[in-house]
Amino acid sequence: MQSWTLLTGLLLGLACCTLSADANGQSGYMDVSSFARVGTTTFKGSKLSVFEIDGVRVAEPRVAFQSSCSAVNFNWGYKKYQLTLSIRIDPNALRSRKGSSKKVGRVSIIRLNVKADQGLSSRQSGLSVMAKVKNSGRRADLVFLCSSFRRCQQLRNELVSNPSNIGRALQFEALGRVGSIPVRFGVRSSANLPRLRCNRHRWIVFQRRVDGSLSFAQNWDSYVKGFGNPSSNYWMGLDRLSEMTKTGEKNGFALTSRCRLRIEVQSFRGGRYNAEFRMFQVLGPEQQYRLRVGLQVGRSELGNRFLYHNNMRFSTFDRDHDTFKHSCSRWYGYGGWWFNSCHSVNLNGAYATDRKITNNPTYMSFYVHKKHVPMRRSLMKFRCY
């Protein structure tokens, strides 16, 4: 009972939306009840009504969940966190009987509406849901959009532990075509949701440098909000980074972060270095996004140098929170970083364009072999358990 209460609380106020390639909206569809119901059929344990539409007999579509769900990620289009479940849509082609003059066919699915029951009202939970039809109507993504990373995490954990509850909370309405006739099928529940296998431990990239096409000499607001392209030069944003590595509390004490950090860099001469830490957290704006890392996984030169920045607050050229008497950002490339006094690693420094430079702390670099060696590529990512 507790689990159903939690899911109801999470979904309270669920807003129903749809996405489809159909540009004509939902008007013009004929309700399936206006056609003759001529029987039933059973498909994979589901009892389905059969209708005769324009001389063709078809069974109503069946919606079933797949056993996989995605990790929580950030949807840049909607500016919200996202959790996605996979849906299979069975058009259920009927078999033609020998000697029968009746034609049989299947429904071409165009759109899938999602409806929430249990009297759910709007705008209270920070959740919305939509179905995005793909693969010629055979598949769909059920996308939950959350106002916070933690809200999506709570929903995902509930779906993993009690997957059948989602079936009681959501219903689906299929819109499709039988020949040239657009048909709206009745609202029905999905088939039972199987035990889910969620990709909860996927690495999430929050910093990437691949070339010098994007300047990382950005101001405080840009580093807080994020900039760049996730597949190229990129900074996720301190607000989202803090939200996604946030810990809860127990008996008034903050819990230890259950996130790991991994850093990978490559020099212009092809040298590759990496480091991994067992604990990783970026604190909130009241702490100027202070960095917290734990023990290394193994030992590495990069990891040893990065520990110099542990417990440092974030600084930019217009917000100085380092421990140096001057602004480290202004002295070394105008990038934002967790400067100490000043740095052993700085992956947001200026990008080196002169390959002859082999020792200069102004550039994206880290201190190795007694030199600040400029890096060609960098990648910082984390995953939480």
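Look a little higher up for the structure.
Computed from a predicted structure; not experimentally measured.

J.: Describe the side chain of Arg260, listing the residues and the values that go with them.
T.: Following the sequence through the fold, Arg260 ends up in strand β21 (residues 259–267). For Arg260, the side chain forms a polar contact with the side chain of Glu276, separated by 3.0 Å. Arg260 has contacts with Trp203, Glu276, Phe277, Arg278, Phe280, Val297, Lys381, Phe382, Arg383 and Tyr385, leaving out every residue within four places of it along the chain.

J.: An account of the packing of aromatic side chains is needed here, citing residue identities and associated values.
T.: On inspection of all chains with the given rule, the structure shows 26 aromatic pairs. Note on Phe74 and Trp76: the rings are 5.5 Å apart at their centroids and 85° apart in plane angle, and the pair reads as edge-to-face. Judged by its relative accessible area of 17%, Phe74 falls in the buried class. Taken together, a centroid distance of 5.2 Å and an interplanar angle of 85° make the contact between Phe314 and Trp338 edge-to-face. Placement of Phe314 in the loop between α6 (301–306) and α7 (328–331) and of Trp338 in the loop between α7 and β25 (345–346) is noted, with a sequence separation of 24 residues between them. With a relative accessible area of 1%, Trp338 lands in the buried category. Positioned over the ring face of Phe216 is Arg209, at 4.0 Å from the centre of the ring. Positioned over the ring face of Trp76 is Arg240, at 4.6 Å from the centre of the ring.

J.: Mind laying out the environment of Met130, listing which residues take part and the relevant values?
T.: If you trace the backbone, Met130 turns up in strand β11 (residues 127–134). When the C-alpha atoms of Met130 and Leu145 are compared, they prove to be 8.4 Å apart, with 15 residues separating the residues in sequence.

J.: How would you summarise the pattern of salt bridges if you had to cite specific residues and measurements?
T.: Taken as a whole and judged by the stated rule, the model has 11 salt bridges. A salt bridge links Asp141 to Lys134; the shortest N-O distance between them is 3.1 Å. The salt bridge partner of Glu173 is Arg184, with a shortest N-O separation of 3.3 Å. With Glu173 in strand β13 (residues 170–178) and Arg184 in strand β14 (residues 181–184), this pair connects stretches of sequence that are 11 residues apart. We note that Glu173, like Arg184, is buried. Linked by salt bridges that have partners in common, Arg260, Arg262, Glu264, Glu276 and Lys381 make up one network.

J.: Tell me what's going on with the pairing of β21, and back it up with residues and numbers.
T.: Extensive coverage of β21 is indicated by the burial of 8 of its 9 residues. As judged from the 9 bridges shared by β21 and strand β27 (residues 371–384), these two strands associate in the antiparallel manner. The residue bridging Val265 from the neighbouring strand is Ser378, located in β27. Pairing geometry for β21 and strand β22 (residues 272–277), over 6 bridges, is antiparallel. Considered in β22, the bridge of Arg262 is made with Glu276. Here β21 folds back onto β22 in antiparallel fashion, the turn holding 4 residues, of which Gly270 has a positive phi close to 95°.

Basis of the calculations
- Residues numbered from 1 in each chain as written.
- Predicted model: local features only at pLDDT ≥ 70, side-chain atom pairs only at ≥ 80, totals over all residues.
- Heavy atoms only, no water.
- Helix = DSSP H or I, 4+ residues; strand = E, 2+ residues; numbered from the N terminus.
- Polar contact = N/O pair within 3.5 Å; in protein donor to acceptor, adjacent residues only side chain to side chain.
- Contact = heavy atoms within 4.5 Å.
- Phe/Tyr/Trp six-rings, centres within 6.5 Å; stacked < 30°, edge-to-face > 60°.
- Buried < 20%, exposed > 50% of the residue type's maximum accessible area, 1.4 Å probe, protein only.
- Lys NZ or Arg CZ within 6 Å of the ring centre and 35° of its normal.
- Salt bridge = Lys/Arg side-chain N within 4 Å of Asp/Glu carboxyl O.
- Pairing = 2+ DSSP bridges.

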